[in-house]
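Secondary and tertiary structure notes
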Amino acid sequence: NHDNAFLNPKARFFGKKVTLDMIKKSPVVASPLRLFDCSIPCNGAAAAIISKDKSDIEIAGSGLSTSNLASFEREDMTSWNSTVTAAKIAYKEAGIKPKDIDIAEVHDAFTPVELISYEDLGFAGKGKGKDLIREGHTNLSGKLPVNTSGGLKAKGHPISATGVSQIYELVLQLRGQAGKRQVDNVKIGLAHNIGGAGSTASVHILRKVI
């Protein structure tokens, strides 16, 4: 995510190199999470125009779901039902499967959240989310580029603007306007956003139609 934000002029960490060594040596915030495991708060704004007029991009699927507010009330601390349900709704509406997604903007307020979301969205099996990163699948040149914007952790997390900014990034990618972080042959993108520590999740699927 930091590598991608380095290339994004609208990201908080644009042009600022963050190495794995810096991450490992950063202060502990809440063990085992360190400073760079947490998204950076910032100010920001984002906007999107939704129209019935014909366009080059369509909203192919949209899902929203809620779950328990308190994480300790859930049966499994490493899976969020709200994301699982919202994803199923969006995939069904779009008529696709997780393997059909070309690019994704995933909620990564904290490092574990992104890994959990990989699995809840169907990109990886239980406990296998880490392998997507280790095998390079989520890189800009990988099979499933994730958080090309830099994500919440490196682009910034202005709360209410976060979800729409994910849509903005996907539109740039689908239109081939993402500059140095542009991914080749992008036709279907997924945006995943979370609120209330997993109590609410939304999943939107955008498709290039022209």
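Residues numbered from 1 in each chain as written. Predicted model: local features only at pLDDT ≥ 70, side-chain atom pairs only at ≥ 80, totals over all residues. Heavy atoms only, no water.

1. So, the pattern of salt bridges
Under the definition given, this model contains eight salt bridges. Between Lys25 and Asp21 there is a salt bridge, and its shortest N-O distance comes to 3.4 Å. Here the residue Lys25 and the residue Asp21 both occupy positions in helix H2 (residues 20-25), the gap between them amounting to four residues, near one helical turn. Take Lys25: its relative accessible area is 65%, and that puts it in the exposed class. (Salt bridge = Lys/Arg side-chain N within 4 Å of Asp/Glu carboxyl O. Helix = DSSP H or I, 4+ residues; strand = E, 2+ residues; numbered from the N terminus. Buried < 20%, exposed > 50% of the residue type's maximum accessible area, 1.4 Å probe, protein only.)

2. As for the side chain of Asp37
Secondary-structure assignment places Asp37 in the loop between strand S2 (33-34) and strand S3 (57-66). In terms of polar contacts, Asp37 uses its side chain to reach the backbone amide nitrogen of Arg34, at 2.8 Å. Within polar-contact distance, the side chain of Asp37 engages the side chain of Thr111 at 2.6 Å. In this structure Asp37 touches Pro32, Ala109, Phe110, Thr111 and Lys153, once residues within four positions along its chain are discounted. (Polar contact = N/O pair within 3.5 Å; in protein donor to acceptor, adjacent residues only side chain to side chain. Contact = heavy atoms within 4.5 Å.)

3. A closer look at the pairing of strand S5 (residues 188-195)
Where burial is concerned, most of S5 is hidden: seven out of the eight residues are buried. Two strands pair when backbone bridges link them, and strand S4 (residues 103-106) and S5 are joined in this way by four bridges, in the parallel orientation. Along S5, the bridge assignment pairs Ala104 with Leu190. In the sheet, S5 pairs with strand S6 (residues 200-208) via eight bridges, with the strands oriented antiparallel. If you follow Ile188 over to S6, its bridge partner there is Arg207. (Pairing = 2+ DSSP bridges.)

4. Describing helix H3 (residues 81-94)
The terminal C-alpha atoms of H3 lie 20 Å apart, and with 14 residues this matches the ideal 20 Å at 1.5 Å per residue to within 8%. Listing the buried residues of H3 in full gives Ser82, Thr83, Ala86, Ala87, Ala90, Tyr91 and Ala94. Down the axis, H3 shows its buried residues gathered within 150 degrees of arc, on one side only. Exposed side chains of H3 directed beyond 90 degrees from the buried face belong to Lys88 and Lys92. Tucked inside the fold, the buried residues of H3 contact S3, helix H4 (111-120), S5 and S6. One or two residues past the end of H3 sits Gly95, with phi positive at roughly 70 degrees. (Expected span 1.5 Å × (residues − 1). Arc of directions from axis to C-beta.)

5. A look at helix H7 (residues 162-174)
Here H7 is 13 residues long and its end C-alpha atoms lie 19 Å apart, about the 18 Å a rise of 1.5 Å per residue gives. Counting buried positions along H7 gives 11 out of 13 residues, so the element sits mostly inside the fold. Where H7 is concerned, the buried positions are Thr162, Gly163, Ser165, Gln166, Ile167, Glu169, Leu170, Val171, Leu172, Gln173 and Leu174. Of the surrounding elements, those touching the buried residues of H7 are S3, S4, helix H6 (151-154), S5 and S6. Just past H7, the residue Gly176 takes up positive phi, approximately 70 degrees.

6. Some points on unusual backbone geometry
A cis amide bond links Ser31 with the next residue in sequence, Pro32, at an omega value of 5 degrees. Mapped onto the elements of the fold, Pro32 is located in the loop between strand S1 (28-30) and S2. A positive phi is found at Asn147, a non-glycine position, where the angle reads about 55 degrees. Structurally, Asn147 is set in the loop between helix H5 (129-134) and H6. Assessed through its relative accessible area of 0%, Asn147 is described here as buried.

7. Thoughts on the environment of Leu69
Along the polypeptide, Leu69 turns up in the loop between S3 and H3. Sequence spacing of Leu69 and Lys155 is 86 residues, and the spatial spacing of their C-alpha atoms is 26 Å. In this structure, Leu69 is in contact with Arg74, Gly196, Ala197 and Ser199, ignoring residues within four places of it in sequence.

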